[in-house]
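Residues per chain, in single letters:
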Amino acid sequence: MLRYALSRLTSLAISLAVASVVIFLVVEVAPGDPASYMLGINAQPDTLAALRSELGLDVPKITRYFNWVTGMLAGDFGMSYTYRTPVSQMISDRLWVSLPLALYALGLAVLIAFPAGVLAAARRGKTSDISVMAATQLGIALPNFWFAMLLVLFFAINLRWFSAGGFPGWSYFPSAIKALTLPAVALALPQAAILTRVLRSALLDTLHEDYIRTARAKGLTRRQTLWRHALRNALIPVLTIIGLQFSFLLAGAIIIEQVFYLPGLGRLVFQSISQRDLIVVESVVMLLVFAVILVNFLVDLAYAAVDPRLRSRA
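All figures in this text were calculated on a predicted structure; none of them were measured in a lab.

### Describing the overall build of the protein
Inference 1: On a plain count of helices and strands, the protein comes out with 15 helices and zero strands.
Inference 2: For the protein, with 314 residues in total, the buried portion stands at 41%.
Inference 3: Counting contacts in the protein only where the partners sit at least 6 residues apart, residues at least 24 apart contribute 74% of the total.
Inference 4: When the accessible surface of the protein is totalled, it reaches about 16,700 Å², and 66% of it is carbon and sulfur.

### Remarks on the packing of aromatic side chains
Inference 1: Taken as a whole and judged by the stated rule, the model has nine aromatic pairs.
Inference 2: Here the aromatic residues Phe 24, Tyr 65, Phe 66 and Trp 68 are joined through ring pairs into a cluster of three or more.

### Observations concerning unusual backbone geometry
Excluding glycine, a negative phi dihedral is what most residues carry, and trans is how most peptide bonds are arranged.
Inference 1: One non-glycine residue, Arg 160, lies in positive phi territory at about 60°.
Inference 2: Relative to the assigned elements, Arg 160 resides in the loop between helix 7 (144–158) and helix 8 (173–206).
Inference 3: A relative accessible area of 68% places Arg 160 in the exposed class.
Inference 4: Of note, Tyr 261 is a non-glycine position whose phi angle comes to about 55°, a positive value.
Inference 5: Secondary-structure assignment places Tyr 261 in the loop between helix 12 (254–259) and helix 13 (265–274).

### What about the side chain of Ser 80?
Inference 1: Position of Ser 80 relative to the elements: it lies in the loop between helix 4 (61–73) and helix 5 (87–122).
Inference 2: The exposure class of Ser 80 is buried, given its relative accessible area of 0%.
Inference 3: Apart from residues no more than four positions distant in its own chain, Ser 80 is found in contact with Thr 85, Val 87, Met 90, Asp 277, Ile 279 and Val 280.

### A few points about the pattern of salt bridges
Inference 1: If you walk through the whole model with that rule in mind, you get one salt bridge.
Inference 2: Here Asp 129 and Arg 200 are joined by a salt bridge, their closest N and O atoms 2.8 Å apart. Of the two residues, Asp 129 sits in helix 6 (residues 127–141) while Arg 200 sits in helix 8, which places them 71 residues apart along the sequence. Each of the two residues, Asp 129 as well as Arg 200, counts as buried.

### A short note on a nonpolar patch on the surface
Inference 1: Nonpolar side chains collect at one region of the surface, where Phe 145, Trp 146, Met 149, Leu 150, Leu 153, Ile 157 and Ile 255 lie side by side and expose about 630 Å² of accessible area between them.
Inference 2: Among the elements that take part in the nonpolar patch, helix 7 stands out by supplying six residues, more than any other.
Inference 3: Tracing the backbone shows Trp 146 in helix 7.

### Thoughts on the UniProt feature "transmembrane region" (unreviewed entry) in the protein
Inference 1: In the numbering adopted here, UniProt assigns the feature "transmembrane region" (unreviewed entry) to residues 12–30, 101–122, 134–157, 177–199, 234–256 and 284–306.
Inference 2: Annotated as residues 101–122, this span is 100% helix and 0% strand, and its ends, taken at the C-alpha atoms, are 32 Å apart.
Inference 3: Summarising residues 134–157: 92% helix, 0% strand, and an end-to-end C-alpha distance of 29 Å.

### Remarks on the packing of helix 5 against helix 13
Inference 1: Running from amino to carboxyl end, helix 5 crosses helix 13 at an angle of 135°, the nearest separation of the two axes being 8 Å. Of the possible angle classes, the one that applies to helix 5 and helix 13 is oblique. Residues Met 90, Ile 91, Arg 94, Leu 95 and Ser 98 of helix 5 form the contact with helix 13, whose participating residues are Leu 265, Gly 266, Arg 267, Leu 268 and Gln 271.
Inference 2: Within the contact of helix 5 with helix 13, the residues separate by chemical class into five nonpolar, three polar and two charged.

### A few points about helix 7
Inference 1: Its 15 residues place the ends of helix 7 20 Å apart at the C-alpha level, agreeing with the 21 Å of an ideal helix rising 1.5 Å per residue.
Inference 2: Asn 144, Phe 147, Ala 148, Leu 151, Val 152 and Ala 156 are the residues of helix 7 that are buried.
Inference 3: Against helix 8 and helix 12 lie the buried residues of helix 7.
Inference 4: Looking one or two residues past helix 7, Arg 160 carries a phi angle of roughly 60°, positive in sign.

### Looking at the layout of surface pockets
Inference 1: Taken as a whole, the second largest pocket spans an internal volume of roughly 310 Å³.
Inference 2: For the second largest pocket, the full set of lining residues is Leu 16, Ala 17, Ser 20, Tyr 65, Val 69, Met 72, Leu 73, Phe 77, Met 286, Leu 287 and Phe 290.
Inference 3: The dominant element in the lining of the second largest pocket, judged by the number of residues it contributes, is helix 4, at four residues.
Inference 4: Grouping the constituent residues of the lining of the second largest pocket by class yields ten nonpolar, one polar and no charged.
Inference 5: Two domains each donate at least three residues to the lining of the second largest pocket, and these are domain 1 (34–76) and domain 2 (87–310).

Criteria and cut-off values
- Residues numbered from 1 in each chain as written.
- Predicted model: local features only at pLDDT ≥ 70, side-chain atom pairs only at ≥ 80, totals over all residues.
- Heavy atoms only, no water.
- Helix = DSSP H or I, 4+ residues; strand = E, 2+ residues; numbered from the N terminus.
- Buried < 20%, exposed > 50% of the residue type's maximum accessible area, 1.4 Å probe, protein only.
- Contact = heavy atoms within 4.5 Å.
- Areas by Shrake-Rupley, 256 points an atom, 1.4 Å probe, with all protein chains shown as cover.
- Phe/Tyr/Trp six-rings, centres within 6.5 Å; stacked < 30°, edge-to-face > 60°.
- Salt bridge = Lys/Arg side-chain N within 4 Å of Asp/Glu carboxyl O.
- Patch = residues over 30% accessible without salt bridge, like charges linked within 9 Å, V, L, I, M, F, W, Y side chains within 5 Å.
- UniProt positions renumbered as here; feature names shortened; annotations may be inferred.
- Axes fitted to C-alpha atoms, helices over the stretch in contact; angles between N-to-C directions.
- Parallel < 35°, antiparallel > 145°, perpendicular 65-115°, else oblique.
- Nonpolar A, V, L, I, M, F, W, Y, C, P; charged D, E, K, R; others polar.
- Expected span 1.5 Å × (residues − 1).
- 1 Å grid on protein atoms, 1.4 Å probe; cavity = no way out; pocket = protein on both sides within 12 Å on 5 of 7 lines; lining within 4 Å.
- Points joined across faces, edges and corners; volume = space filled by probe spheres on them.
- Domains from an automatic or database assignment.

And the structure:
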């Protein structure tokens, strides 16, 4: 297991190094100059040069890249061009909105998908299976931002059970959870639909294996066989989807954060791009890439825990 983990850890480090180069190059070649954006089109050349020097934009790009990478390794993400505050502080403030939202949405998706997927697989071809599959098809087809606006219209405007947007902070926990509930539901339902279909397909494939027939021949009921043997072996593709979904929920909730006016990482990236705040864009995107790669690394370890054959191949 240790050898397997070290090989995956090496792959993680290489992926991060390549990602940092790609992110820096893509952001740096984008049109527009942060200093020109901040000073406007009528800025004097000497003023513009002074601001570029202050922001560190007048040094070679290779030097800026290494300064950025070494700073991140030391926990220093630099200073925002626009807000003149440490990027690490901005990320920390926004992370405590995006991370709980992603975990909340993923938890809801799993709570919905596992019973629905098992039910659909256990009663294949029957009314409950057809109903679950029809519901998942609808969940996949509906855009989450449109569903989010319906939630706001019904639960916030008509029933007044929730606020239409904003985040009160974590000083009062129930209010914070309440503010994240509608966004989490809007994010969770499409992911639950995908996860339900994957779990159902994986279970149906597993139920046709020889060891399942052997277990049934030894006297186990269909339910016992499903829960004791089939479900564990069907978890490998499900774990992949869960890992990808968490990455999507953390990094891809920009539209939902815009709909509900949540001060999360997605909205921070959107605002920083429009303001040409390159250091914030680079640092936040790199952090999100790190989160995605780390989740994939943990999923690989979960694979090895579920399927010992993977450990022997490492």
